[in-house]
Amino acid sequence: MIPIPEFDEFHTVSDLHMGGEPGFQIFTQGPLLARLIQSLGDGPPAEARVALLINGDMVDFLAARNPRYFDPLGAIAKLDDIWKEEAFALVFAALQRFVSRPNRYLIITLGNHDLELALPWVRSHLLARLSGGDDAVRGRITLSFEGAGFACSVGGASILCLHGNEVDPWNVADYETLRRQGRDGLRDLPFRNWTPNAGTKMVIDVMNGVKKQFAFVDLLKPEKEAVVPVLLALDYSQAPKLAKIVAVTSHLTWDRMRLATGFLSAEDSGSGAVALDLQADPTSALDRLINQTFRPTDLGPGTAGSEKLLDDIERLVDENADPLQLLEGAQAAEQLGMFGAAWDWIRRKPPVEVLLEALEGVKQDHSFDLGEQDDTYQRIDEWAGAGFDFVITGHTHLERFIRRKSGGVYFNTGAWVALMRLTEETLSSPGAFEPTFQRIQTSSTVAALGDLVEYRPAVVSIRREGSQVRGVLQRVEAGGSLKFIAGS
């Protein structure tokens, strides 16, 4: 077996998303996280080898001022701006103190909101700041930015940590193009064009602008394609801006095709990648998204176009079918018909009722259930194989504890950012929903949402206890105490 690092204790958190302008920062738990980091450094015996892993999306370049799909030249300045921001400075200071101590190890993996950290010059800058220029400290920092995740062991029990976007077609990272960007930058060559994934386009083209008026769209879980009709219900004048979603859905199809073919870097026609026309008609594509959520009886029979297309793609990928069939499916989607009647139907109903219907699926949703075997778990469980005792992800912002079918345990550490959950009782009727509707309609900052927002800061800890190795998911509560959530 390939050798992997061994620790006496291993702790991991995920999805800090440090970044964003004041008022729109979704990470506000800096003092609490700093206290946790200090306790992990101070608590165990000095001779114990203690590791802390931040499992992706430590910072959020997509939320920075003047965000870009990918910013190789501006990333260092953006990182420095995040570092000195009052809301985040305590965390970076705590990380510096932690890793400055002997036998304390810091590992950072890459997420889908902080890809620029993998560039050689940004990586070197991050290392220099974390280590204070001390080579001994630098040697206790591991930056795992190649897309392989991080593997280690505690007491003979093997651990694999992945961010989770590795199996998410919306947010797949093109590590090969990322490597080439770093290579070209070091050689002072022009940077290649960066084709963002669907999730990045969604954030930059749509969400960043809309959340300045409706802060809740950045926090609502679970995330569904119904976000488009949700936003139209709040403000129909947003329709021209939301037409950009067509590019997102096109890129979603394209990214799934690239995953299936193995050509993640479709930079030129000579790469062998399948070509796809991304210039779909915005109106028809947006109509399909609307019809997917709203199915009024007077529209007659129809097909939820984008949902059916994505389901077909999933099936073909799972069956290892000829990738060219995916292209045929994409072309067929353009023949599904127009759903203009859905627009008229939406505009005839009160906005509160339209938004309520857009959120209909949330009523029976199980995304917050600790044992829910969501898509990320199922794909990671298959991808990781049976060789690890503990498999840990983040990315979804939703905690998980599941005993794997092949043996061992799966954890998702959730996130340290604000979350918004709408209960079945809140969504039971227009009258019950009206107060919440008014709040989210008028709240342009996270703080204004008040008690509609909750925080679930969590840490997964794996330690040897006697002859056994135990892994636990714990919630970090006010004051720094730890509340047991689940464990092996």
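Residues numbered from 1 in each chain as written. Predicted model: local features only at pLDDT ≥ 70, side-chain atom pairs only at ≥ 80, totals over all residues. Heavy atoms only, no water.

1. What about the overall build of the protein?
(1) Moving on: In terms of helices and strands, the protein carries 18 helices and 15 strands.
(2) Moving on: Looking at the protein as a whole, 56% of its 488 residues qualify as buried.
(3) Moving on: As displayed, the protein has an accessible area near 20400 Å², and 50% of this comes from carbon and sulfur atoms. (Helix = DSSP H or I, 4+ residues; strand = E, 2+ residues; numbered from the N terminus. Buried < 20%, exposed > 50% of the residue type's maximum accessible area, 1.4 Å probe, protein only. Areas by Shrake-Rupley, 256 points an atom, 1.4 Å probe, with all protein chains shown as cover.)

2. Considering the pattern of salt bridges
(1) Moving on: Counted under the stated rule, the structure contains 19 salt bridges.
(2) Moving on: Put simply, Arg-404 and Asp-381 hold a salt bridge, and the shortest N to O gap is 2.7 Å. Of this pair, Arg-404 sits in the loop between β9 (399-403) and β10 (409-413) while Asp-381 is found in helix α17 (residues 375-384), placing the two residues 23 residues apart along the sequence. Summarising the burial analysis for this pair, Arg-404 and Asp-381 share the class buried.
(3) Moving on: Here Arg-456 ties to Glu-454 by a salt bridge, and the two come within 2.8 Å at their closest N and O atoms.
(4) Moving on: Residue classification places Glu-454 among the partly exposed residues on the basis of a relative accessible area of 26%.
(5) Moving on: A cluster of three or more residues bridged by salt bridges with shared partners is formed by Arg-68, Asp-71 and Lys-78. (Salt bridge = Lys/Arg side-chain N within 4 Å of Asp/Glu carboxyl O.)

3. A short note on the sheet that holds strand β6 (residues 150-154)
(1) Moving on: Reading across from one edge, β1-β6-β7-β8-β10-β9 is the order of the six strands in this open sheet, with mixed pairing throughout. Two strands close off the open sheet at either side, each with one partner strand: β1 (6-7) and β9.
(2) Moving on: Taken strand by strand, α17 contacts β7 (157-161), β8 (390-393), β9 and β10, and its axis lies near 135 degrees from that of β8. (Pairing = 2+ DSSP bridges. Contact = heavy atoms within 4.5 Å. Axes fitted to C-alpha atoms, helices over the stretch in contact; angles between N-to-C directions.)

4. Quick notes on the packing of helix α2 (residues 75-84) against helix α4 (residues 120-131)
The relative placement of two packed helices comes down to the angle between their axes together with the axis-to-axis distance.
(1) Moving on: Running from N to C, α2 and α4 cross one another at 30 degrees; their axes reach a closest spacing of 9 Å. Accordingly, the angle class assigned to the pair α2 and α4 is roughly parallel. The chirality of how α2 crosses α4 is right-handed. For the pair α2 and α4, the contacting residues are Ala-75, Ile-76, Leu-79, Asp-80 and Trp-83 in the first and Trp-121, Val-122, His-125, Leu-126, Arg-129 and Leu-130 in the second. (Parallel < 35°, antiparallel > 145°, perpendicular 65-115°, else oblique. Left-handed = near helix turned anticlockwise from the far one by under 90°.)

5. Description of the environment of Ala-136
(1) Moving on: Residue position: Ala-136 is located in helix α5 (residues 135-138).
(2) Moving on: Taking the C-alpha atoms as reference, Ala-136 lies 8.4 Å from Ser-100; in sequence the two are 36 residues apart.

6. Describing the confidence of the model for the protein
(1) Moving on: Model confidence for the protein is summarised by a mean pLDDT of 81, while 74% of its residues fall at 70 or above.
(2) Moving on: Per-residue pLDDT stays below 50 along residues 296-310; that stretch engages in 30 contacts with residues further than four places along the chain or on separate chains.
(3) Moving on: In this model, residues 322-341 is a region of pLDDT below 50 whose contacts with residues beyond four sequence positions or in other chains number 32 contacts. (pLDDT = per-residue confidence, 0-100.)

7. Structural notes on the packing of aromatic side chains
(1) Moving on: Evaluated as defined, the whole model comprises nine aromatic pairs.
(2) Moving on: With centroids separated by 6.5 Å and ring planes inclined at 15 degrees, the aromatic side chains of Phe-390 and Phe-411 adopt a geometry described as stacked. Taken together, the positions of Phe-390 in strand β8 and Phe-411 in strand β10 put the pair 21 residues apart, joining distant regions of the chain. Like Phe-411, Phe-390 is buried.
(3) Moving on: Taking 6.2 Å as the distance between ring centres and 55 degrees as the angle between the ring planes, the aromatic pair formed by Phe-433 and Phe-437 counts as tilted. (Phe/Tyr/Trp six-rings, centres within 6.5 Å; stacked < 30°, edge-to-face > 60°.)

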